[in-house]
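Architecture and fold: a report
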Amino acid sequence: MTPDQRFRRTYRVVLLAVLIGFVLIGGLIGAFGTRKARVEGVAERWVTAVSDITRKGVGTDARKRIAAHGDVELVGNLVDLSVNHHKKSAFTALEVGKADLVMLDVARVPLKVEYREAVEGSTGRRVLTLQRSDGIWRVIGVDAADPALRVPSDGGPAVTRAPLGLYAGTLLLGVVITLAAGALIRATTGPTFRELPAT
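Structure report, in brief. These numbers come from a predicted model, not from an experiment. Numbering of residues starts from 1 in every chain and runs along the sequence as written. Residues qualify for local features only when their pLDDT is at least 70, as the model is predicted, and side-chain atom pairs are given and counted only at 80 or more; totals for whole chains, interfaces and linings, by contrast, use all residues. Only hydrogens and water are removed before side-chain values are computed, so all heavy atoms of the structure are retained for them.

**Quick word on the pattern of salt bridges**
Any two side chains of opposite charge can pair, so long as their charged atoms come close to each other. Each salt bridge in this description consists of a side-chain nitrogen of Lys or Arg and a carboxyl oxygen of Asp or Glu lying within 4 Å of one another. Throughout the structure, instances matching the rule amount to eight salt bridges. Residues Arg-108 and Asp-146 are paired through a salt bridge, measuring 3.1 Å at the closest nitrogen-oxygen approach. With a gap of 38 residues between them, Arg-108 in strand β3 (residues 106–115) and Asp-146 in the loop between β5 (136–144) and α4 (164–188) connect regions that are remote in the sequence. By relative accessible area, which is 23% here, Asp-146 ends up partly exposed. For Arg-125, the salt bridge goes to Asp-154, with nearest N and O atoms at 3.1 Å. Highlighted residues: Arg-125 in strand β4 (residues 125–133) and Asp-154 in the loop between β5 and α4, separated in sequence by 29 residues. Burial classification: accessible surface area is computed with a 1.4 Å probe over protein chains only, and a residue below 20% of its type maximum counts as buried, one above 50% as exposed, and the rest as partly exposed. The partly exposed category is assigned to Asp-154, whose relative accessible area is 27%. Ionic contacts of the salt-bridge type, sharing partners, join the residues Asp-52, Arg-55, Asp-61 and Arg-65 into one network. Secondary structure elements are defined from DSSP: runs of H or I of at least 4 residues count as helices, runs of E of at least 2 residues count as strands, and each element is numbered from the N terminus.

**A word on the pairing of strand β2 (residues 100–103)**
Pairing geometry for β2 and β3, over three bridges, is antiparallel. Among the inter-strand pairings, Asp-100 is bridged to a residue of β3, identified as Arg-108. A pair of strands is treated as paired once DSSP finds two or more bridges between them. Connecting the antiparallel pair β2 and β3 is a turn made up of two residues.

**Quick word on the nonpolar core**
Residues enter a nonpolar core if they are buried and are Ala, Val, Leu, Ile, Met, Phe, Trp, Tyr or Cys, with the set joined through side-chain atoms within 4.5 Å. Counting 27 residues, the largest nonpolar core has Trp-46, Val-47, Val-50, Leu-78, Phe-91, Leu-128 and Leu-130 as its most contacted members. Put simply, the parts of the chain that give this core at least two residues each are α2 (39–52), α3 (59–69), β1 (91–96), β3, β4 and β5. Looking at this core element by element, the count peaks at seven residues for α2. Residue contacts are counted whenever heavy atoms from the two residues lie within 4.5 Å of one another. Excluding residues within four positions of it along the chain, Leu-128 makes contact with Ala-43, Trp-46, Val-47, Ala-107, Arg-108, Val-109, Leu-111, Gly-141 and Val-142.

**Examining the environment of Val-151**
Inspection of the secondary structure puts Val-151 in the loop between β5 and α4. The buried category is assigned to Val-151, whose relative accessible area is 2%. On a C-alpha basis, the gap between Val-151 and Gly-97 in space is 4.0 Å, while along the polypeptide they are 54 residues apart. Setting aside residues up to four positions removed in sequence, Val-151 forms contacts with Glu-95, Val-96, Gly-97, Pro-110, Leu-111, Lys-112 and Gly-156.

**A short note on the packing of α2 against α3**
Where α2 meets α3, the closest approach of the two axes is 8 Å, and the angle between their N-to-C directions is 150°. When the axes of α2 and α3 are compared, the pair comes out roughly antiparallel. As for the relative orientation of α2 and α3, their crossing is left-handed in sense. Each of Val-42, Arg-45, Trp-46, Thr-48, Ala-49, Val-50 and Asp-52 in α2 lies in contact with α3, whose residues at this interface are Gly-59, Ala-62, Arg-65, Ile-66 and His-69. Amino acids outside the nonpolar list (Ala, Val, Leu, Ile, Met, Phe, Trp, Tyr, Cys, Pro) and the charged list (Asp, Glu, Lys, Arg) are all regarded as polar, and Gly is one of them. Residues belonging to the contact of α2 with α3 are distributed by class as follows: six nonpolar, three polar and three charged. Geometry is summarised by axes, namely lines fitted to C-alpha atoms with helices restricted to the contacting stretch, and by angles between N-to-C directions that run from 0 to 180 degrees. These descriptions rest on fixed angle ranges, namely under 35 degrees for roughly parallel, over 145 for roughly antiparallel, 65 to 115 for roughly perpendicular, and the rest for oblique. Each crossing gets its handedness from the near helix: less than a right angle anticlockwise from the far helix is left-handed, clockwise is right-handed.

Listed below in structure tokens is the structure:
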């Protein structure tokens, strides 16, 4: 078998192995993954939509997103629509913290926002109350800040942390890919310097 034929054969085998790998990864994600949104993610999407309600050209879409994740009537608890936001988003920054599960289907999420236009008497810290119905979380309340609930930038816990097994699996995958790449290079090239016959 010529080196060119050997390369083509190895290339096809590797390509097939990569495709099989993608199928297996997709199967694992489908089997062990979840489509249910985290309560913190729902809270963040709702607040983002509230912030967008003052933006030019996206107000209608923002209202739809607000309604999809919570109560539209609560917008006034976060944003004063009478203030001129210069057709930009109401918040220049927003951050949610780790949810506190009050009951099985009720959670409180700390929130910190920075207003584009400061309003006297308003504070950028709140607590969102969310309720789960039929597996779907929705914002049902915007309350005053609670010192016991803090966002990560204020010293609160991280929203999510990757498990140790994920780091170990990533490291192992890196080693496997490195070994496979080395084997592929050896299989598709000629003999190394040490393997050349002595002259």
